[in-house]
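Chain and residue survey
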Amino acid sequence: MQLTLWTYEGPPHVGAMRVAAAMQGIHYVLHAPQGDTYADLLFTMIERRDRRPPVTYTTFQARDLGGDTAELFKTAAREAYERFRPQAMLVGASCTAELIQDDPGGLARALQLPIPVVPLELPAYQRKENWGASETFYQLVRALAGPAVPPSGTQRPARAAGVRPRCNILGPTALGFRHRDDLAEIAALLGRLGIDVNVVAPMGAAPADIARLGEADFNVVLYPEVASAAAQWLHRSFGQPATRIVPIGVGATRRFVQEVAALAQVDPAPALDDPGSRATWYARSVDSTYLTGKRVFVFGDATHAVAAARVAKDELGFTVVGLGTYSRELARDVRAAAQAIGVEPLITDDYLEVEAAVAALQPDLVLGTQMERHIAKRLGIPCAVISAPVHVQDFPARYSPQMGFEGANVLFDTWVHPLMMGLEEHLIGMFREDFEFREDAAPSHLGSHAAPTAAPSPAPAPPAAAESGGPIVAAWEAAAEKELGKIPFFVRGKARRNTERFAAERGVPLITVETLYDAKAHFGR
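Here's a quick rundown of the structure. (Residues numbered from 1 in each chain as written. Predicted model: local features only at pLDDT ≥ 70, side-chain atom pairs only at ≥ 80, totals over all residues. Heavy atoms only, no water.)

1. Regarding the overall build of the protein
Note the following rule: Secondary structure elements are taken from DSSP: a helix is a run of H or I of four residues or more, a strand is a run of E of two residues or more, and numbering for both begins at the N terminus. Remark: exposure states derive from per-residue accessible area (1.4 Å probe, protein chains only) relative to the maximum for the residue type, with buried under 20%, exposed over 50%, and partly exposed in between. In this analysis, two residues are considered to be in contact whenever any of their non-hydrogen atoms come within 4.5 Å of each other. Only the protein chains shown count as cover for residues, and the accessible areas themselves come from Shrake-Rupley with a 1.4 Å probe.
Secondary structure summary: the protein contains 20 helices and 16 strands in total. With 525 residues in all, the protein has 50% of them scored as buried. Within the protein, contacts between residues separated by at least 24 positions form 72% of all contacts whose residues are at least 6 apart in sequence. Here the protein displays about 24700 Å² of accessible surface, and carbon together with sulfur accounts for 53% of that area.

Below you can see the structure in the form of structure tokens.
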């Protein structure tokens, strides 16, 4: 744990809240000090939920530490059961209450409540939110589906002839990035294949639904950060295989359909294409070819970051110049993807490291979380959000999935719209001398947050060596800076980098207008 102004993930008890808030008939009793109820706002304000999460806090105060805090917890748990009458109860401690070591699990068992009580051991000083969600879901599945596990060595019976295959969809939670719409998209896709959905969990599931997870033929894992551990236990206990492909992008969606069809032993043809899928053709259309080679930096949770990098490179023709994640539990997947692309992976939960990487790379587009949106705005770089953590605007009222064929359409629109298209560049060039167009005007899609044009200095600064001991970066003459400002903003960064590289390779200490055009001629060959 470290002191920071902003974090990509909350403590693990927030992950447990995401699971509890997504389900029906579950109540979470959290041993926590006064003030830890802030987490409620994540659900009511950011996700716009119409009810508080099903959580009861003990809310002990400083003066209670000299008394019996264990009795406070027992009273809170007893009253929560009597008031809400849940079908199952989760009990645990927040990061502060963990230090008291009151053992919420043991205290709850002593109450002998007439419902299943699942104790959560979430080490707040070593783990974070996604791990907390995964561990909570895993413990719930073990506790509620465990009694139905067949004896060891029992062969799973074959599906009877004429019976439609059934699957579970695992992973969607409260506060998840587009989980609501992804679930609808994938459920419809499975329906086209003739596959019934047995249980969706955690989202919308009750304890009785969790108890019958073992009745499905296989599991669809949409979000490995949340569902992998539970899916592995279901495979060991019930012999249920699970999908490994996350259907983000047209190519991955088709591979997902084939994988699911193989598990269900059905024909994949009805779902391999979608008449509403336009992303592939749009990416090949005339104006989109102008976007080929745009430099993209990707950062987010591992699942969305890896998928975004693949879609950007293989389906939109972008050049991925940076790839990273804050999900240390799945960092291996990101490292493998970065190696395949040929970039250095960035594994960190420090937003300042991410900002430094974006500033150094100067990409044409940033695909990231809410924090990368802020970073990109400060640097005047177009950005699209692809992963949690997100703010309220990324829980839209409209249907906006990230998965499936419609999800691929959404990705195309979301990622391409912040960029300058070829026709727009042509029009800007045509009307550059118009009195209403100023060279220092901010591009419309960046609003007033675009990076300001550097003011020409009366005298050029002397060349400075890079902090890393690299080559000397030449200074810019005022006239050269002014001429650089005439270059469209969306390629201005590349022109600056090429010119400085050209000057450094030739030992030119001061970049003039002539140097700028010499560099243009050199790199334009």
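Text resumes after the structure shown.
2. Section: the pairing of strand E8 (residues 295-300)
Each regular strand carries side chains that alternate between the two faces of the sheet. For clarity, the threshold we go by: Here the rule is simple: two strands pair whenever DSSP picks up at least two bridges between them. The handedness of a crossover follows from its direction of travel: if, with the strands pointing away from the viewer, the path from the first strand over the helix to the second runs clockwise, the crossover is right-handed.
Of all six residues that make up E8, six are buried, and the element is covered over most of its length. Of the two faces of E8, both are covered, the one formed by Arg 295, Phe 297 and Phe 299 as well as the one formed by Val 296, Val 298 and Gly 300. Summarising the sheet, E8 and strand E9 (residues 319-325) pair through six bridges and their orientation is parallel. In the sheet register, Arg 295 faces E9, and the bridge partner there is Thr 319. A crossover links E8 with its parallel partner E9, the connecting element being helix H12 (residues 302-314), and its sense is right-handed. Inspection of the sheet shows E8 paired to strand E11 (residues 365-368) by three bridges, in the parallel sense. Residue pairing across strands places Val 298 opposite Leu 367, the latter belonging to E11.

3. Some words on helix H20 (residues 513-523)
Condition: Here the arc refers to the directions that run from the helix axis out to each C-beta atom.
Turning to H20, its buried residues number three or more, namely Thr 515, Leu 516 and Ala 519. All buried residues of H20 project into a common sector of 105° when viewed along the axis, lining one side. Of the exposed residues in H20, those oriented more than 90 degrees away from the buried face are Glu 514 and Lys 520.

4. What to know about helix H10 (residues 250-264)
Note the following rule: Expected span of a helix: the number of residues minus one, times 1.5 Å.
Taking 1.5 Å of rise per residue, the 15 residues of H10 would be expected to cover 21 Å, and the 21 Å separating its terminal C-alpha atoms lies within 8% of that figure. If you check which residues of H10 are buried, you get Val 250, Ala 252, Thr 253, Phe 256, Val 257, Glu 259, Val 260, Ala 261 and Ala 264. Summarising the contacts, the buried residues of H10 are in contact with helix H7 (179-192), strand E7 (218-221), helix H11 (279-284), H12 and helix H16 (404-416). Just beyond H10, the residue with positive phi is Gln 265, at close to 60°.

5. Focus: the packing of H12 against helix H13 (residues 331-341)
Just so we agree on the cut-off: Fitting a line to C-alpha atoms yields each axis, with helices limited to the stretch in contact; the angle taken between N-to-C directions then spans 0 to 180 degrees. Angle categories: roughly parallel below 35 degrees, roughly antiparallel above 145, roughly perpendicular from 65 to 115, and oblique for all the rest. By definition, any crossing whose near helix is turned counterclockwise from its far helix by less than a right angle is left-handed, and any crossing with a clockwise turn is right-handed.
For the pair H12 and H13, interaxial distance at closest approach is 9 Å and the crossing angle is 15°. Put simply, H12 runs roughly parallel to H13. Crossing of H12 over H13 shows left-handed handedness. Facing Ala 302, Val 306, Ala 309 and Lys 313 of H12, the residues of H13 in contact are Asp 333, Val 334, Ala 337 and Ile 341.

6. Observations regarding the sheet that holds E9
Sheet architecture is open: five strands sit in the order E10-E9-E8-E11-E12, paired in parallel fashion. Looking at strand neighbours, the two that pair on one side only are strand E10 (345-347) and strand E12 (383-385), the edges of this open sheet. Pairwise comparison of adjacent strand axes, ignoring direction, gives a mean angle of 15° for this sheet. H12 rests against E8, E9 and E11 of the sheet, and its axis sits at about 175° to E9. Each of E8, E11 and E12 touches helix H15 (residues 370-379); the most contacted strand, E12, lies at about 170° to it.

7. As for the nonpolar core
Using the following cut-off: Here, the term nonpolar core denotes a set of buried Ala, Val, Leu, Ile, Met, Phe, Trp, Tyr and Cys residues that are joined through side-chain atoms within 4.5 Å.
With 55 residues, the main nonpolar core has Val 298, Leu 323, Leu 367 and Trp 415 as its most contacted residues. Setting aside residues up to four positions removed in sequence, Trp 415 forms contacts with Ala 308, Val 311, Ala 312, Leu 316, Leu 365, Leu 367, Ala 384 and Ile 386. If you look at the next biggest cluster of nonpolar residues, it comprises 51 residues, including Met 17, Ile 26, Leu 213 and Leu 234.

8. Points about the packing of helix H3 (residues 69-84) against helix H5 (residues 104-111)
The following threshold applies: Throughout, the ten residues Ala, Val, Leu, Ile, Met, Phe, Trp, Tyr, Cys and Pro are labelled nonpolar, Asp, Glu, Lys and Arg are labelled charged, and all others, Gly among them, are labelled polar.
Packing of H3 against H5 leaves a shortest axis separation of 10 Å and a crossing angle of 55°. As the angle between them shows, H3 and H5 are arranged oblique. Considering how the two elements wind past one another, H3 and H5 form a crossing that is right-handed. Seen from H3, the contacting residues are Ala 70, Phe 73, Lys 74, Ala 77 and Arg 78; seen from H5, they are Pro 104, Leu 107, Ala 108 and Leu 111. Of the residues belonging to the contact of H3 with H5, the class tally is seven nonpolar, no polar and two charged.

9. Considering the pattern of salt bridges
Keep this limit in mind: By salt bridge we mean one thing: a side-chain nitrogen of Lys or Arg within 4 Å of a carboxyl oxygen of Asp or Glu.
What the rule picks out here adds up to 24 salt bridges. A salt bridge links Glu 500 to Arg 496; the shortest N-O distance between them is 3.8 Å. Of this pair, Glu 500 and Arg 496 both sit in helix H19 (residues 489-505), four residues apart, which is roughly one turn of that helix. Taking the relative accessible area as the measure of exposure, Glu 500 reaches 22% and is therefore partly exposed. Salt bridges sharing common partners tie together Lys 128, Arg 328 and Asp 349.

10. Some words on the packing of aromatic side chains
Cut-off, in case you're wondering: Aromatic rings from Phe, Tyr and Trp, taking only the six-membered ring of Trp, are treated as a pair when their centres fall within 6.5 Å; an angle between ring planes under 30 degrees marks them as stacked, one over 60 as edge-to-face, and anything in between as tilted.
Per the stated rule, a full pass over the model turns up five aromatic pairs. Residues Tyr 8 and Phe 299 carry aromatic rings whose centres are separated by 5.3 Å and whose planes lie at 50° to one another, so their mutual orientation is tilted. Residue Tyr 8 is found in the segment before helix H1 (12-22), and its partner Phe 299 is found in strand E8; the two are separated by 291 residues along the sequence. Taken individually, Tyr 8 and Phe 299 each receive the classification buried, so the pair is uniform in this respect. On the numbers, 5.7 Å between centres and 80° between planes, the contact of Tyr 282 with Phe 412 is edge-to-face. Here the residue Tyr 282 occupies a position in helix H11, and Phe 412 occupies one in helix H16, the gap between them amounting to 130 residues. We classify Phe 412 as buried; its relative accessible area is 7%.

11. Concerning the sheet that holds strand E5 (residues 166-170)
A sheet is described by the order of its strands in space; here three strands give the open sequence E6-E5-E7, paired in parallel fashion. Of all the strands in the sheet, just strand E6 (196-201) and E7 have a single pairing partner and so form its edges. Neighbour to neighbour, the strand axes of the sheet diverge by 25° on average, direction disregarded. Bridge analysis of E5 against E7 gives four bridges, and the strand direction is parallel. Each residue of the ladder has a partner; that of Leu 170, found in E7, is Val 221. Sheet contacts for H7: E5, E6 and E7; angle to E5, the most-contacted strand, approximately 165°. Seen against the sheet, helix H9 (residues 224-238) touches E5 and E7 and runs at an angle of roughly 165° to E7.

Interpretation note: all reported values are geometric properties and have no functional meaning in isolation.
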